[in-house]
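Listed here are the chains, written in short residue letters.
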Amino acid sequence: MINVTILAVGKLKEQYWKDACGEYAKRLKAYCRFSIEEIPEYRLPDSPSPAQIKAGLEKEGETILNHIPGHAYIIALCIEGREIDSLALSEQYTKAVAEGKNTIVFIIGGSFGLADKVKKSANLRLSMSQMTFPHQLARVMLCEQVYRAFSIAASTKYHK
């Protein structure tokens, strides 16, 4: 069974976000070993300089990369990523499995994004939309899309 992990910078604070992610995690048990790992957000001052932001991203990036198995198929969520539909995401999953990958890792950065070294390590840079979403909502949306991708691959009626 394939392993799917969402590495997310920061914690979900509100219970309703946790419950939503938990619902998709429960549904995903039929398809994969699913987990969400939270990476601590690097603390910055209230008005950080560009150099402080870059240093924070680098520290977060090191932590993120240390949590990724060497054989994983990596999908980094970032603004400059490619926008794809649900069918294409399912195809990415199928492609990764066909290439012998048994672990897929999705990465959601903090409020300042992801370090360049994290983006460069990705097999796919993915943008969810040109719109901006709160990170908590983006995590729930990603959980749903992962579930949808597996449902599509399994030819269930969830995706219409």
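About the cut-offs
Residues numbered from 1 in each chain as written. Predicted model: local features only at pLDDT ≥ 70, side-chain atom pairs only at ≥ 80, totals over all residues. Heavy atoms only, no water. Helix = DSSP H or I, 4+ residues; strand = E, 2+ residues; numbered from the N terminus. Rg over C-alpha atoms; globule rule 2.2 N^0.38 Å. Buried < 20%, exposed > 50% of the residue type's maximum accessible area, 1.4 Å probe, protein only. Contact = heavy atoms within 4.5 Å. Areas by Shrake-Rupley, 256 points an atom, 1.4 Å probe, with all protein chains shown as cover. Lys, Arg positive; Asp, Glu negative; His and termini not counted. Charge placed at Lys NZ, Arg CZ, Asp CG, Glu CD. 1 Å grid on protein atoms, 1.4 Å probe; cavity = no way out; pocket = protein on both sides within 12 Å on 5 of 7 lines; lining within 4 Å. Points joined across faces, edges and corners; volume = space filled by probe spheres on them. Core = buried A, V, L, I, M, F, W, Y, C linked by side-chain atoms within 4.5 Å. Salt bridge = Lys/Arg side-chain N within 4 Å of Asp/Glu carboxyl O. Pairing = 2+ DSSP bridges. Axes fitted to C-alpha atoms, helices over the stretch in contact; angles between N-to-C directions.

1. Comments concerning the overall build of the protein chain
Inference 1: Along the protein chain, the regular secondary structure elements total five helices and five strands.
Inference 2: Along the protein chain, helices and strands appear, N-terminal first, in the series β-α-β-α-β-α-β-α-β-α.
Inference 3: In terms of overall dimensions, the protein chain is globule-like: its C-alpha atoms have a radius of gyration of 15 Å, near the 15 Å expected for 160 residues.
Inference 4: Split into buried and exposed, the 160 residues of the protein chain put 43% on the buried side.
Inference 5: Of the contacts formed within the protein chain by residues at least 6 apart in sequence, a portion of 85% connects residues at least 24 apart.
Inference 6: Of the roughly 9000 Å² of accessible surface on the protein chain, 52% is carried by carbon and sulfur atoms.
Inference 7: Of the side chains in the protein chain, 21 bear a positive and 17 a negative charge, and the two mean positions are spaced by 4 Å.

2. Digging into empty space enclosed by the protein
Inference 1: Counted by the stated rule, this structure contains one cavity of 30 Å³ or more.
Inference 2: What lines the largest cavity is simply V4, I75, L89, Q92, Y93, I104, F106, V146, A149 and F150.
Inference 3: Listing elements by their share of the lining of the largest cavity, those giving two or more residues are α3 (86–98), β4 (103–108) and α5 (135–153).

3. Overview of the nonpolar core
Inference 1: The biggest cluster of nonpolar side chains holds 29 residues, and the ones touching the most others in it are V4, I75, I104 and F106.
Inference 2: Beyond its immediate sequence surroundings of up to four residues, V4 is in contact with C32, R33, F34, S35, I104, F106, V146 and F150.
Inference 3: Judged by nonpolar contacts, the second largest core, of 16 residues, contains I68, L114, V118 and A122.

4. Brief notes about the pattern of salt bridges
Inference 1: Evaluated as defined, the whole model comprises eight salt bridges.
Inference 2: The shortest N-O distance in the salt bridge between R139 and E38 comes to 2.8 Å. One end of the pair, R139, is in helix α5; the other, E38, is in strand β2 (residues 33–39), with 101 residues separating them in the sequence.
Inference 3: A salt bridge links E80 to K119, with the shortest nitrogen-to-oxygen separation between them at 2.7 Å. Remark: K119 occurs in helix α4 (residues 116–121) and E80 occurs in strand β3 (residues 73–83); sequence separation between them is 39 residues.
Inference 4: It is possible to trace a salt-bridge network through shared partners that takes in K11, E38 and R139.

5. Concerning the sheet that holds β4
Inference 1: Judged by pairing direction, the sheet is parallel, and its five strands sit side by side in the order β2-β1-β4-β3-β5 without closing on themselves. Since the sheet does not close on itself, it has two edges, and those belong to β2 and β5 (124–127), each with one partner. Ignoring strand direction, the axes of neighbouring strands in this sheet form an average angle of 30°.
Inference 2: When β3 meets β5, the two strands line up parallel, connected through five bridges.

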